[in-house]
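One letter stands for each residue in the lines below.
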Amino acid sequence: MPLAFRSINRGEIAFGFFNIETDMLLLDQYFFFAGEYCDFIGMLAEAGEDSIPEFTCTIDFIRDRKSIGDLMGAIHGVRYSGFIGDVYRRFPFPDRQEDFKQKPEGFKKRQVLEELIDSYSEKTEISFRADAALAKVQIGELLFTKNIFQELILYVWLGGAPRWKDGKRPEYVLEMKEKVEHSKNWLFKGMQ
């Protein structure tokens, strides 16, 4: 389940996994795969201590918020609107609450998600940028404090609100963690 996180410039925004069968993340109106997100966190972690690393990536952007869909309606099986509705038609919420766990093999559904999102989104290039002098992180048009950005990383490490099924994480999450733990970059100092 996506959670609300406070951005510097847009107030509270949603971030997180929105379906346990897939590894796609949403960040407000941006959609991208967790493996790519972890790769960019790893690149930031490998940057020098006081550097201002910046990387660009192509993500899916859903301009019309109505086209994103109704997550709660889709979870409850009462309203399958927009992109999220299409995902839940294909991968419905589990019948048993104890089965509500993020699947570490969600990356295997990537092609299905790419096909579903194409009719709702436009490909957009955004940057990941960390600036120590300004003490902020930029993801596309969204700005975050260091502490909130660290919370976004921990969210993926934990597997979101339901947590990873059986505590097993995908390899890309483990690689991200190792790079973050060995980082000398200011962005990761004090991270638990």
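Here the structure is shown first, and the text comes after it.
Bear in mind that the values here come from a model prediction, so they are computed numbers and not experimental data.

S.K.: How should the overall build of the protein chain be read in this particular structure?
M.R.: Along the backbone of the protein chain there are seven helices and eight strands. Computed over the C-alpha atoms, the radius of gyration of the protein chain is 16 Å, within 12% of the 16 Å expected from 2.2 N^0.38 for a compact globule of 192 residues. Each of the three principal axes of the protein chain carries a C-alpha extent, and together these read 50 × 35 × 25 Å. The buried share of the protein chain, reckoned over its 192 residues, is 51%.

S.K.: I keep staring at the packing of aromatic side chains and nothing clicks. Help me out?
M.R.: Aromatic ring pairs are described here by two measures, namely the spacing of the ring centres and the angle between the planes. Considering all chains together, one arrives at 16 aromatic pairs under this definition. Arranged with centres 5.0 Å apart and planes meeting at 15 degrees, the rings of Phe40 and Phe128 form a pair that is stacked. Of the two residues, Phe40 is situated in helix α1 (residues 34-46) and Phe128 in strand β6 (residues 122-131); the sequence distance between them amounts to 88 residues. As far as the burial class goes, Phe40 and Phe128 line up, both buried. Members of the aromatic cluster, each reached through a chain of ring pairs, are Phe5, Phe15, Phe17, Phe32, Tyr37, Phe40, Phe55, Phe128, Tyr155 and Trp164. Across from the ring centre of Trp157, 3.7 Å away, lies the NZ or CZ of Arg169, which sits over that ring.

S.K.: Got a minute to help me understand the nonpolar core in this structure?
M.R.: Generally speaking, nonpolar side chains in soluble globular proteins are found buried as a group. By size, the foremost hydrophobic cluster in this structure holds 41 residues, and its most contacted members are Phe15, Tyr37 and Phe149. Phe33, Ile62, Leu71 and Ile117 belong to the second-largest nonpolar core, a separate cluster that totals 19 residues.

S.K.: Can you walk me through the packing of α1 against helix α6 (residues 146-158) in this structure?
M.R.: As a packed pair, α1 and α6 sit with axes 11 Å apart at the nearest point and diverge in direction by 130 degrees. Comparing the axis directions of α1 and α6 gives the class oblique. Viewed along their axes, α1 and α6 form a crossing whose handedness is left-handed. Residues Tyr37, Cys38, Ile41 and Leu44 of α1 lie in contact with α6, whose contacting residues are Phe149, Leu152, Ile153 and Val156. Partitioning the contact of α1 with α6 into residue classes produces eight nonpolar, no polar and no charged.

S.K.: Can you walk me through the pattern of salt bridges in this structure?
M.R.: A side chain of one charge can pair with a side chain of the opposite charge when the charged atoms of the two come close. In the structure shown here, the tally under the stated rule is 16 salt bridges. Here Glu122 ties to Arg63 by a salt bridge, and the two come within 2.6 Å at their closest N and O atoms. Linking Glu122 in strand β6 with Arg63 in the loop between β5 (54-61) and α2 (65-68), this pair joins segments that are 59 residues apart in sequence. Residue Glu122 is classed as partly exposed on the basis of its relative accessible area of 32%. Residue classification places Arg63 among the exposed residues on the basis of a relative accessible area of 55%. Between Glu98 and Arg96 there is a salt bridge, and its shortest N-O distance comes to 3.3 Å. By relative accessible area, Arg96 is classed as partly exposed at 47%. One salt-bridge network, held together by shared partners, links Glu21, Lys103 and Lys109.

Quick notes on the rules
Residues numbered from 1 in each chain as written. Predicted model: local features only at pLDDT ≥ 70, side-chain atom pairs only at ≥ 80, totals over all residues. Heavy atoms only, no water. Helix = DSSP H or I, 4+ residues; strand = E, 2+ residues; numbered from the N terminus. Rg over C-alpha atoms; globule rule 2.2 N^0.38 Å. Buried < 20%, exposed > 50% of the residue type's maximum accessible area, 1.4 Å probe, protein only. Phe/Tyr/Trp six-rings, centres within 6.5 Å; stacked < 30°, edge-to-face > 60°. Lys NZ or Arg CZ within 6 Å of the ring centre and 35° of its normal. Core = buried A, V, L, I, M, F, W, Y, C linked by side-chain atoms within 4.5 Å. Axes fitted to C-alpha atoms, helices over the stretch in contact; angles between N-to-C directions. Parallel < 35°, antiparallel > 145°, perpendicular 65-115°, else oblique. Left-handed = near helix turned anticlockwise from the far one by under 90°. Contact = heavy atoms within 4.5 Å. Nonpolar A, V, L, I, M, F, W, Y, C, P; charged D, E, K, R; others polar. Salt bridge = Lys/Arg side-chain N within 4 Å of Asp/Glu carboxyl O.

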